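# Examination of the molecular architecture
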Amino acid sequence: MSKFLQALNPAQCQAVEAADGPVLVLAGPGSGKTRVLTHRVAYLIEQRGVDPFNILAVTFTNKAAREMKDRLEALVGAQAAYALSVGTFHSLCARFLRRDIVHLGRERNFVIYDGDDQQRLMRRVLREMNVDEKRNPPRSLLARISSAKNELVGPAEYARLNRSSPFDELVATCYQRYQVLLREANALDFDDLLVETVRLFDEHPDVLAHYHTRFTALLVDEYQDTNRAQYLLIRQLAAQQRNLFVVGDDDQSIYLFRGADVRNILQFEQDYPEAQVILLEQNYRSTQSILDIAQAIIQASQKPKHLKRLWTENGGGAHVTLHKAVDQDAEALFVADELVRLIASGDVAARDCAIMYRTNAQSRAVEEALIRRALPYQIVGGTRFYERKEVRDILAYLRVLYNPYDSVSLTRILNWPGRGIGQRTEQELISWAATLGVPLFQALRELEDATTATPFNARTTKALLEFLHLLDHLRSTSQTTPVASVIEQICECIAARATLEREYDLLEAEERWQNLVELRDVAESYKHLPTEAQLPTFLEEVALVAEVDKLDPNADKVTCITLHQAKGLEYAVVFLIGLEEGLLPHSRSAQDRDQLEEERRLLYVGMTRAQRKLYLCHASERMNYGRFNSSRPSRFLSDIPKALLKGVPQRSPKAPAPQTTMFSPRSALGDQKPATGSRTRRPSAAPPPEETRFSRGQQVRHAIFGSGTVIASRLVDGDEEVTVRFNDRERRLLASFANLEQVDA
DNA sequence: GGCTCGATCTTTTTT
DNA sequence: AGATCGAGCC
């Protein structure tokens, strides 16, 4: 038995040590999935001698990617970790396309359009076609287009397949035009990043061959949430070596709405008949009480799935609490009061607690309650930093400097700050450019030639030319100036602060100005890159950051987060609020059976985030659209056996809080009652080593690196990290992996 | 071309 | 309840 088995349980070991070829790891919540992934990578490097440069790992968020790199840095050293390719589907595709999109006849300096940009572009399409935006909301057109793209259905095919209704036909026409405009702007939307990469690999086998050589080992996290495009992408990349290691849990599939297809994970064994399948069923995260309730919820599901049975050796723990409040404000105050009590007891810190909800709108009541109780908090999502108008406006300048054909950004700043170019002129410019058959920026350039016939009067022409020359001026410096200084220059040239003060009252202007200062500060962190790489990198990362990516794990604050974003996270104490019909399950999902099942899984995901204490809350009345509506408890709650729940007695207004013990004295995790009955059917992992096996000065031998001298050794994460000086350089190794042999000097 | 006021809509979930 | 958007006025 290899030594590193110590730190892992048998199933985890089996996964980490699996031979080459396809591997499917079905990992229940809290079963050490991340640990398996990182150890697998470390194992490939240390034991199989795989060059980290040849490893590609796909994670679900940038945050997960960063954490994986950090953990691997400790396992295999900074240099090896740096050589790894780790990222989300979208960021990896962006990287591939930056390199190779020329093969598709496009330029490398494309910009990435997010939802807001997409809507602006779609509005332009609708206006061009004289279609009523009210009756045909850009969002719903885009939603259709997005699902088409996720299925890799292009405009032509879409038109062929969908001709049963006038709306279908409208979508088809808009889709076509939308793609033309995207291309003209040299822009890709989120979905295009995937679609175009698949197309690139499909149409250019030589390019794909390059990536086959480059990436000999593939790892994919959250495989149950891949959509068709992502699935095909992985299939393309894995086609040659079939060295594909995927991890996922069909019970946690919650992204149906953005095209995720659970069949991808359910059919893995058909796709790769030689696949090894490994189940991770031991849960290390939650108490038995929490797990029992989560299981009750998921087992009531009717869907076909991979069968798993979770168990834990953690003690029974505190009962799960069910709380009914009169309305959303009372619900939020209950949560806040419980938090105050728990934190005051010293058992948990604010950073260990999270409040989770179905919709972002629910965060408002929560936020108010937390403020009233003076609790520190961070909200994930809500009004996002990069969605603030002024921030986007400055970003629009940057994007135009990077890619002047970006028409959405160009029109965004055409009249910001106000320079006498109104909607009428904008419209005129757009249609004139269309007549000339050139991008907007090109049309502006045409104005410089006074002999060209234009639809503008002298005053308007002057304003447009001044704008063009402002861009020229900024552009001439943007390539040779750090991106933070470019932002400063933009702000200076447009007198951003004064502009804001003109547009808003003093307080709000200051707040918005601070946002711009913050944007500059973010840009500052790119200064270590070569100057010419700063702007592109900055723009790309800004486009692809998710809200969870910005969660600060070090801040001692309560986290408020949607159930979707909470996937993959864990907290000692979790409050699930708004467990009501219409909210969870959401009314928009109530009609469809599959969607209803997804709502159930969403609840399951939320519950299994909790380590020690879980609260389930609902209100009998809720304010919607400024109107009170009575709410019934979620149907899912009736799937929980009553005996597993503990209600909290209503407090009389002035009475002190009852001193119920939420945690056993030394905390639920500290003193573990043995788990009951048949659940202890697996051998547990061996206890971690308690003192270091290696010490400074000792001579050791490594199978690949040869002999060396131990510089230091310390216990980390249940294992021993040994720093060894080899001939060429120092390396940090994990004792359980490195198979270091002790040599007598 | 820009402002003010009232009508209208909003809430799924996200890269 | 709050934001956003368009019509009508300056």
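If you're wondering where the values come from, they're calculated on a predicted model, not measured in any experiment.

## Describing the packing of helix α16 (residues 328–344) against helix α17 (residues 363–372)
Put simply, α16 and α17 touch, their axes get as near as 8 Å, and they point 45 degrees apart. Classed by the angle they form, the pair α16 and α17 counts as oblique. The two elements α16 and α17 cross, and the hand of that crossing is right-handed. Across the interface between the two elements, Gln328, Asp329, Ala332, Leu333, Ala336 and Leu339 of α16 pack against Ala365, Val366, Ala369, Leu370 and Arg372 of α17. Per-class residue counts for the contact of α16 with α17 are eight nonpolar, one polar and two charged.

## Description of the packing of aromatic side chains
Summed over the entire model, instances satisfying the criterion amount to 15 aromatic pairs. Centre to centre, the rings of Tyr255 and Phe257 are 5.6 Å apart; their planes meet at 40 degrees, and the pair counts as tilted. Taking the relative accessible area as the measure of exposure, Tyr255 reaches 8% and is therefore buried. Measuring from centroid to centroid gives 6.3 Å for Tyr405 and Phe441, while their planes differ by 85 degrees, and the two rings are edge-to-face. Highlighted residues: Tyr405 in the loop between α18 (389–402) and α19 (407–414) and Phe441 in helix α21 (residues 440–446), separated in sequence by 36 residues. You can call Phe441 buried: its relative accessible area is 6%. These aromatic residues form a ring-pair network of at least three members: Phe96, Phe201, Tyr211 and Phe215. A cation over an aromatic ring shows up here: Arg214 above the ring of Phe53, its NZ or CZ 3.6 Å from the ring centre. The ring of Tyr615 has Lys613 sitting right over it, with the charged end atom 4.9 Å from the ring centre.

## Observations concerning the nonpolar core
Within the largest apolar cluster, 79 residues are counted, with the highest numbers of intra-cluster contacts made by Leu398 and Phe538. The contacts of Phe538, once residues within four sequence positions are left out, are Leu395, Leu398, Val483, Ile487, Leu519, Val522, Ala523 and Tyr526. Ala94, Ile112, Tyr231 and Leu244 belong to the second-largest nonpolar core, a separate cluster that totals 43 residues.

## Focus: the protein's contact with DNA strand C
Around DNA strand C, a shell composed of Arg364, Tyr625 and Gly626 is seen. Backbone sugar and phosphate groups make up 25% of those atoms of DNA strand C lying within 4 Å of the protein. Tyr625 has a polar backbone atom sitting 3.4 Å from a base nitrogen of DNA strand C.

## Structural notes on the UniProt feature "binding site: ATP" (unreviewed entry) in chain A
Here the UniProt-annotated "binding site: ATP" (unreviewed entry) positions come out as Ala27, Gly28, Pro29, Gly30, Ser31, Gly32, Lys33 and Thr34. Secondary-structure assignment places Gly28 in the loop between β1 (23–27) and α2 (33–46). Excluding anything up to four places from it in sequence, Gly28 contacts Asp249, Gln252, Leu280, Lys308 and Leu310. Inspection of the secondary structure puts Ser31 in the loop between β1 and α2. Residue Ser31 is classed as buried on the basis of its relative accessible area, which comes to 1%. Excluding residues within four positions of it along the chain, Ser31 makes contact with Gln12, Leu280, Gln282 and Tyr284.

Definitions and cut-offs
- Residues numbered from 1 in each chain as written.
- Chains lettered and ligands numbered in written order.
- Predicted model: local features only at pLDDT ≥ 70, side-chain atom pairs only at ≥ 80, totals over all residues.
- Heavy atoms only, no water.
- Axes fitted to C-alpha atoms, helices over the stretch in contact; angles between N-to-C directions.
- Helix = DSSP H or I, 4+ residues; strand = E, 2+ residues; numbered from the N terminus.
- Parallel < 35°, antiparallel > 145°, perpendicular 65-115°, else oblique.
- Left-handed = near helix turned anticlockwise from the far one by under 90°.
- Contact = heavy atoms within 4.5 Å.
- Nonpolar A, V, L, I, M, F, W, Y, C, P; charged D, E, K, R; others polar.
- Phe/Tyr/Trp six-rings, centres within 6.5 Å; stacked < 30°, edge-to-face > 60°.
- Buried < 20%, exposed > 50% of the residue type's maximum accessible area, 1.4 Å probe, protein only.
- Lys NZ or Arg CZ within 6 Å of the ring centre and 35° of its normal.
- Core = buried A, V, L, I, M, F, W, Y, C linked by side-chain atoms within 4.5 Å.
- Near = heavy atom within 4 Å.
- Polar contact = N/O pair within 3.5 Å; in protein donor to acceptor, adjacent residues only side chain to side chain.
- UniProt positions renumbered as here; feature names shortened; annotations may be inferred.

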